[in-house]
Amino acid sequence: MSNRPLPGNAAFVAARHARGWYSQAALVDAFEAKARDLGIRLDVSVRQVRRWESATPPWPSPDYQAVLEPLFGQPLSALGFTPPYGNQAQAEAVQAVRATQHTGWWRAIVDDLPDHLDRLATLESQSVGVRSYQTTMIPGPLQTYEYACAAIRATGPALSDEAVHQRAELRMERKRRFRPAPDHPVWFIVDESALHRTLGRPDVLRDQVAHLLEEASRRPELRIQVLPLDAETPIPQPFVLYELPSPARRVVYLEAVGDAMCTDAVEVVAGYSIAYESLQAAALSPADSLEHISGRLANLWNPDTAPSTGGASPATAETPDAWRWQPEATP
């Protein structure tokens, strides 16, 4: 009889052997081949496999789970992993979020979807919370269709009209599908310059600013802050922090013209999280921001009036009542 000790995670080892992967290196090869088939750029090491086969295997990250479950044809719980949640209800809620991952619905909307848009749509389908900072344009999840078309044309001047409209449709569908968790923030910090930059026809910006007020009044989970032009901030680049449900972590998404980068490296995420807190402190409060946006909308409807300063300009009588922001009454 062999004196070799039994493996820590016997269920995982048994599943590996049942599929003919008698070494950890063989599993690595099978894992990476499956990731490529799924269109996921993800590598795994023998060291990581050893951790999964230990007596206390860590719960795999969402990226690893997206490959492991289809690779073995079993849920992680059947492979010897224990979800790190406080109770079964929380575990089921996270599994419900994960059920939408990697479905690739967005690939049916846009022909030849670029990798960075594919990564973005995947992140949004996984996330339960968002903290966004935009420097030159209104954030994508808050855009109207016409504004989205103009923004996409501005950042992709070589795109055909068909490609522009496909990407705008994708942006609208992403917005409709995003359902943040009730206890997670959906926070947008918008540089004041975005409220003044005209994209396309002048009425596109006016309708977009009106839409901001409408969204803020219709969706109580939104927090919108305007960063004044004279604010002192060392953050010239837009970025988004996505909160993922399991394991609880954040991912930084940085987009450039025609490409993007995302990372969950602890030191990078920590740096951007601190930067976001600084931006929140430098920006107008949510209430003052909406008052500022309301004043900007009044100016767009009446361009001959003096520009608003510091969010103090009130909406004029000519501004449609439905688009004039009203602060909530204090109980």
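The structure displayed is predicted, hence computed values, not measured ones.

Caption draft 1: The arrangement of helix H4 (residues 62-72) in detail. Burial of H4 is extensive: 8 of the 11 residues sit out of reach of the surface. Turning to H4, its buried residues number three or more, namely Pro62, Tyr64, Gln65, Ala66, Val67, Leu68, Leu71 and Phe72. At the exit of H4 stands Gly73, carrying a positive phi of roughly 70°.

Caption draft 2: Quick look at the pattern of salt bridges. Considering all chains together, one arrives at 9 salt bridges under this definition. A salt bridge links Glu243 to Arg250; the shortest N-O distance between them is 3.6 Å. Judged by its relative accessible area of 12%, Glu243 falls in the buried class. If you follow the salt bridges from partner to partner, you end up with Glu215, Arg218, Arg219 and Glu221 in one network.

Caption draft 3: Broad picture of the packing of helix H9 (residues 202-218) against helix H11 (residues 286-301). In contact at an axis separation of 9 Å, H9 and H11 are set at 150° when each is read in the N-to-C sense. Relative to H11, the element H9 lies roughly antiparallel. Considering the relative orientation of H9 and H11, their crossing is left-handed. Each of Leu205, Arg206, Val209, Ala210, Leu212, Leu213 and Ala216 in H9 lies in contact with H11, whose residues at this interface are Leu290, Ile293, Ser294, Arg296, Leu297, Leu300 and Trp301. Split into classes, the residues belonging to the contact of H9 with H11 amount to 11 nonpolar, 1 polar and 2 charged.

Caption draft 4: Expanded view of the pairing of strand E1 (residues 129-134). Of all the 6 residues making up E1, 6 are buried; the element is thus mostly covered by neighbouring parts of the structure. Burial along E1 is two-sided: the face carrying Gly129, Arg131 and Tyr133 and the face carrying Val130, Ser132 and Gln134 are both buried. Here E1 pairs with strand E4 (residues 239-244) via 5 bridges, running antiparallel. Looking at the pairing, Val130 lines up with Tyr242 of E4. Two strands pair when backbone bridges link them, and E1 and strand E2 (residues 186-191) are joined in this way by 5 bridges, in the parallel orientation.

Caption draft 5: Spatial organisation of the packing of helix H2 (residues 24-37) against H4. As a packed pair, H2 and H4 sit with axes 9 Å apart at the nearest point and diverge in direction by 105°. Classified by the interaxial angle, the pair formed by H2 and H4 is roughly perpendicular. The segment H2 lies against H4, with Leu27, Ala30, Phe31, Lys34 and Ala35 engaging Tyr64, Val67, Leu68, Pro70, Leu71 and Phe72.

Caption draft 6: Structural view of the nonpolar core. The biggest cluster of nonpolar side chains holds 35 residues, and the ones touching the most others in it are Ile138, Leu142, Tyr147, Leu195, Leu212, Tyr242 and Ile293. Broken down by secondary-structure element, the contributors of at least two residues to this core are helix H6 (115-126), helix H7 (145-155), E2, H9, strand E3 (222-227), E4, strand E5 (249-256) and H11. Leave out the neighbours within four places in its chain, and Ile293 touches Leu195, Val209, Leu212, Leu213, Ile224 and Val226. In terms of nonpolar packing, the next biggest core, distinct from the first, is built from 23 residues, Ala35, Leu42, Ala66 and Leu68 among them.

Caption draft 7: Representation of the confidence of the model for the chain within the structure. Of the residues in the chain, 74% have a pLDDT of 70 or more, and the chain-wide mean is 78. Scored below 50 in pLDDT, residues 307-331 makes 37 contacts in the model with residues more than four places away or belonging to other chains.

Caption draft 8: Summary view of the environment of Ser193. Here Ser193 shows up in the loop between E2 and H9. Look past the residues within four positions of Ser193 in its chain and what remains in contact with it is Thr135, Thr136 and Leu229. A polar contact is formed between the side chain of Ser193 and the backbone oxygen of Thr135, at a distance of 3.1 Å.

Caption draft 9: Broad picture of helix H10 (residues 266-282). The terminal C-alpha atoms of H10, which comprises 17 residues, lie 24 Å apart, in line with the 24 Å expected from a rise of 1.5 Å per residue. All of the buried residues in H10 are Val269, Ser273, Ala275, Tyr276, Leu279 and Gln280. One side of H10 carries all its buried residues, which in axial view fall inside an arc of 165°. Facing away from the buried side of H10 by over 90 degrees, the exposed positions are Glu267, Ile274, Glu277 and Ala281.

Caption draft 10: A look at the packing of aromatic side chains. Scanning the model with the defined rule gives 11 aromatic pairs in all. Consider the rings of Phe12 and Trp52, whose centres lie 6.0 Å apart with planes at 50°: the pair is tilted. One end of the pair, Phe12, is in helix H1 (residues 10-18); the other, Trp52, is in helix H3 (residues 46-52), and 40 residues separate them in sequence. Taken individually, Phe12 and Trp52 each receive the classification buried, so the pair is uniform in this respect. Ring pairing ties together the aromatic residues Phe12, Trp21, Phe31, Trp52, Tyr64, Phe72 and Phe81, which thus form one cluster.

Rules used throughout
Residues numbered from 1 in each chain as written. Predicted model: local features only at pLDDT ≥ 70, side-chain atom pairs only at ≥ 80, totals over all residues. Heavy atoms only, no water. Buried < 20%, exposed > 50% of the residue type's maximum accessible area, 1.4 Å probe, protein only. Helix = DSSP H or I, 4+ residues; strand = E, 2+ residues; numbered from the N terminus. Salt bridge = Lys/Arg side-chain N within 4 Å of Asp/Glu carboxyl O. Axes fitted to C-alpha atoms, helices over the stretch in contact; angles between N-to-C directions. Parallel < 35°, antiparallel > 145°, perpendicular 65-115°, else oblique. Left-handed = near helix turned anticlockwise from the far one by under 90°. Contact = heavy atoms within 4.5 Å. Nonpolar A, V, L, I, M, F, W, Y, C, P; charged D, E, K, R; others polar. Pairing = 2+ DSSP bridges. Core = buried A, V, L, I, M, F, W, Y, C linked by side-chain atoms within 4.5 Å. pLDDT = per-residue confidence, 0-100. Polar contact = N/O pair within 3.5 Å; in protein donor to acceptor, adjacent residues only side chain to side chain. Expected span 1.5 Å × (residues − 1). Arc of directions from axis to C-beta. Phe/Tyr/Trp six-rings, centres within 6.5 Å; stacked < 30°, edge-to-face > 60°.

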